[in-house]
Amino acid sequence: MKHTSALVLGGAWMLSLAMVFVLGILSAFAFHRAPEENGVSGENAADRALAFALRELTGRPADLAAIKSVGVRDAAPPQLLQALDALIAERPGVRQEFLLSALVGGLPPRSVTASVQHTSNLPPSSGQEIVHDALLARWGTLDGRSAMGYATTRLSPERREAGIEAVLRGWAKSAPEDAWAWAAGTEASAGVAAARLRAVLESGGARDLEAALRRVGTVEPPERQILLMREVTEWLVFEMGGERALPWLAVMDEDGLPLEIIDLFARRWAASDPGGAVAWAMELDPDSQSVVLPGILPLWVAEDPETAATWAYASPPGDVRADIVEIILTDWIRADGLGPPARWLTRQERHPDLDPSFERISAALMDVDPRMSIAWAQSIMDNTRRLAASAVISRRWLIADPVAALPVVSEVLPGDIFNSLLADPDLAARLLAAGIDLFDESDLGFAEVLEPAGEEEDLTGFPDRDEPFAEDEDEDDLFFDEDSVFQEEAP
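Residues numbered from 1 in each chain as written. Predicted model: local features only at pLDDT ≥ 70, side-chain atom pairs only at ≥ 80, totals over all residues. Heavy atoms only, no water.

Visitor: It is not clear to me how a negative patch on the surface should be interpreted in this structure. Could you clarify?
Guide: On the surface, Glu 243, Asp 273, Glu 303 and Asp 304 cluster together to form a negatively charged patch. Along the polypeptide, Asp 273 turns up in the loop between helix H15 (259-272) and helix H16 (274-281). (Patch = residues over 30% accessible without salt bridge, like charges linked within 9 Å, V, L, I, M, F, W, Y side chains within 5 Å. Areas by Shrake-Rupley, 256 points an atom, 1.4 Å probe, with all protein chains shown as cover. Salt bridge = Lys/Arg side-chain N within 4 Å of Asp/Glu carboxyl O. Lys, Arg positive; Asp, Glu negative; His and termini not counted. Charge placed at Lys NZ, Arg CZ, Asp CG, Glu CD. Helix = DSSP H or I, 4+ residues; strand = E, 2+ residues; numbered from the N terminus.)

Following this line, the structure appears as structure tokens:
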């Protein structure tokens with residue numbers, strides 16, 4: 001608890017420092033914003049922010065007149081160059097972000113281009129890239145086409161794509177449709193195109209998200225559209241969370257999103273809210289459920305398997321419920337062993353929808369404790385599945401330990417199924433090798449009744465077994481159920 005408290009207090013202390021800094025810098029900005037203080041009258045908010053940043057970074061009153069008088073071929077004024085260099089050297093954090101926004105956001109077009117030229121000639125560093133990209137974004141806001149011309153022709157191959165995306169983010173703030181048209185129309189790989197379009201969406205979408213999302217549905221060719229949808233889906237869930245992002249998701253394609261996008265959305269939602277994602281997925285059509293649920297249920301099971309299983313079993317009866325409960329129980333067994341899911345099963349009201357889950361427990365016990373395995377199999381309500389499971393377990397047990405298995409198997413299996421097992425030549429040979437004479441009825445007259453092996457192992461409390469099958473049932477039908485985990489092993 002001490003460590004936890006220290007972390008909490010430490011986090012609160014760091015947050016307090018950040019707040020103190022922000023409040024302090026805003027107060028300083030307010031005290032130093034008077035036009036006469038900076039030597040220029042009639043300033044607007046951008047000019048005051050620029051003047052404050054220059055003063056903060058250089059320690060001298062801002063010379064806005066020099067910055068605004070830069071000609072086409074002029075270099076940036078010395079104070080601006082000094083401020084840019086100071087920003088590059090600044091440690092990343094709240095202060096750097098605040099001053100970078102204040103400085104770059106107030107630069108006029110010619111000072112922006114001169115600043116880009118200056119920073120592009122400096123040695124590469126993380127600070128240099130941050131400032132350079134911010135300047136390119138500002139240039140894109142002021143004149144997207146000229147800024148894109150510079151980014152595509154003058155930047156090094158290593159920095160070109162980052163520069164293009166920076167220009168697009170700025171361009172999208174002033175002319176989102178033009179920026180989108182450029183990004184969608186240029187020749188590029190599907191992955192690069194998707195990243196460019198996402199840059200436009202993230203920046204321009206803040207003003208009109210619906211229009212931006214509708215543009216996603218117009219992207220061609222289809223493989224590029226799918227990649228962009230993936231990028232946008234990731235962004236929507238990250239920014240809004242799954243529940244709030246859900247209404248926006250459909251805007252991308254009114255005719256219905258591709259299944260892989262639905263699956264991606266569910267997975268990203270489930271990472272933070274698995275219960276909500278699963279509840280939403282349960283409302284999808286069956287084909288979509290079969291793809292989506294296996295990907296998100298394990299996330300919920302990893303977080304809270306008992307709640308997941310209880311919620312699933314409370315849903316309407318049917319094949320979907322049976323499949324979901326089985327998926328959850330399978331992952332639960334894998335994570336926590338047999339005990340917890342087995343105890344949960346025995347507490348539930350019996351229903352055929354639990355048969356696949358009883359099969360899972362029985363199959364998991366088959367080679368560990370065949371006596372308990374066959375006991376679990378007797379709780380399967382469906383005759384066909386119960387007999388198929390019992391037959392598979394019995395055969396495996398008879399091969400492994402015929403002396404121990406034969407008394408139990410002879411009691412559990414109906415006579416014709418029991419005899420069909422004994423007719424297997426390999427199994428008959430093993431029984432004879434164990435000293436059991438199949439032709440001597442006394443060897444088959446066991447009266448031992450299947451009982452729990454002990455209080456520690458008694459996880460069941462099963463009801464009496466139903467009559468195995470009607471007289472008119474075909475014996476072949478007893479061992480073949482396409483959904484059974486014992487299907488491939490049944491005789």
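Still to come is the rest of the account.
Visitor: Would you take a moment to explain the environment of Ala 377 for this structure?
Guide: Looking at the secondary structure, you find Ala 377 in helix H22 (residues 370-377). A relative accessible area of 0% places Ala 377 in the buried class. Taking the C-alpha atoms as reference points, Ala 377 and Ala 391, separated by 14 residues in sequence, lie 9.8 Å from one another. Excluding residues within four positions of it along the chain, Ala 377 makes contact with Ser 362, Arg 386, Ala 389, Ser 390 and Ile 393. (Buried < 20%, exposed > 50% of the residue type's maximum accessible area, 1.4 Å probe, protein only. Contact = heavy atoms within 4.5 Å.)

Visitor: Would you mind going over the environment of Glu 202 with me for this structure?
Guide: Its place among the elements puts Glu 202 in helix H11 (residues 190-204). Between the C-alpha atoms of Glu 202 and Trp 235, which are 33 residues apart in sequence, the distance is 8.1 Å.

Visitor: How should I be thinking about the packing of helix H2 (residues 45-58) against helix H4 (residues 78-89) in this particular structure?
Guide: When two helices pack together, their arrangement is given by the angle between their axes and by how far apart the axes lie. Closest axis-to-axis distance for the H2/H4 pair is 9 Å, and the angle between their directions is 70°. For the element pair H2 / H4, the angle class is roughly perpendicular. Mapping the contact onto sequence places Leu 54, Leu 57 and Thr 58 in H2 and Gln 79, Leu 80, Gln 82, Ala 83, Ala 86 and Leu 87 in H4. Split by residue class, the contact of H2 with H4 holds six nonpolar, three polar and no charged. (Axes fitted to C-alpha atoms, helices over the stretch in contact; angles between N-to-C directions. Parallel < 35°, antiparallel > 145°, perpendicular 65-115°, else oblique. Nonpolar A, V, L, I, M, F, W, Y, C, P; charged D, E, K, R; others polar.)

Visitor: What am I meant to see in the packing of aromatic side chains here?
Guide: The relative placement of two aromatic rings is captured by the distance of their centres and the angle of their planes. Taken as a whole, this structure holds nine aromatic pairs when the rule is applied. Judged by centre distance (5.6 Å) and plane angle (55°), the rings of Phe 265 and Trp 269 are tilted. Pair noted here: Phe 265 and Trp 269 are both in helix H15, with a separation of four residues, about one helical turn. Assigned by exposure class, Phe 265 and Trp 269 land together as buried. In textbook terms, an aromatic cluster arises when at least three aromatic residues are bridged by ring pairs, as seen for Phe 265, Trp 269 and Trp 280. (Phe/Tyr/Trp six-rings, centres within 6.5 Å; stacked < 30°, edge-to-face > 60°.)

Visitor: Sorry, what's going on with helix H23 (residues 383-400) here?
Guide: Each α-helix turn comprises 3.6 residues. Residues three or four places apart therefore point the same way. Taking 1.5 Å per residue, 18 residues should reach 26 Å; H23 reaches 26 Å between its end C-alpha atoms and fits that length. By the criterion of burial, H23 is predominantly enclosed, with 13 of the 18 residues buried. Capping the start of H23, Asp 382 holds a side-chain oxygen 3.2 Å from the backbone nitrogen of Thr 384, two or three residues further along. (Expected span 1.5 Å × (residues − 1). Polar contact = N/O pair within 3.5 Å; in protein donor to acceptor, adjacent residues only side chain to side chain.)

Visitor: What should I look at first to understand the pattern of salt bridges in this one?
Guide: Opposite charge on two side chains permits them to pair, given that their charged atoms come into close proximity. Throughout the structure, instances matching the rule amount to 18 salt bridges. A salt bridge links Glu 161 to Arg 196; the shortest N-O distance between them is 2.8 Å. Placement of the pair is Glu 161 in helix H9 (residues 157-174) and Arg 196 in helix H11, with a sequence separation of 35 residues. Assessed through its relative accessible area of 8%, Arg 196 is described here as buried. Note that Arg 198 is salt-bridged to Glu 202, the shortest N-O span being 2.7 Å. Of this pair, Arg 198 and Glu 202 both sit in helix H11, four residues apart, which is roughly one turn of that helix. Looking at Glu 202, the relative accessible area reads 30%, which means it is partly exposed. Salt bridges sharing partners connect three or more residues here, namely Glu 56, Glu 90 and Arg 95.

Visitor: Just to check I follow, could you spell out the packing of helix H6 (residues 109-120) against helix H7 (residues 126-142) for this structure?
Guide: At their nearest, the axes of H6 and H7 sit 9 Å apart, and the two run at 150° to each other. In terms of orientation, H6 and H7 fall into the roughly antiparallel class. In this structure, the crossing between H6 and H7 has a hand that is left-handed. When H6 is examined against H7, the residues Pro 109, Val 112, Thr 113, Ser 115, Val 116, Thr 119 and Ser 120 are found in contact with a partner set consisting of Gln 128, Val 131, His 132, Leu 135, Leu 136, Arg 138, Trp 139 and Leu 142. (Left-handed = near helix turned anticlockwise from the far one by under 90°.)

By themselves, these are just geometric observations and shouldn't be taken as functional.
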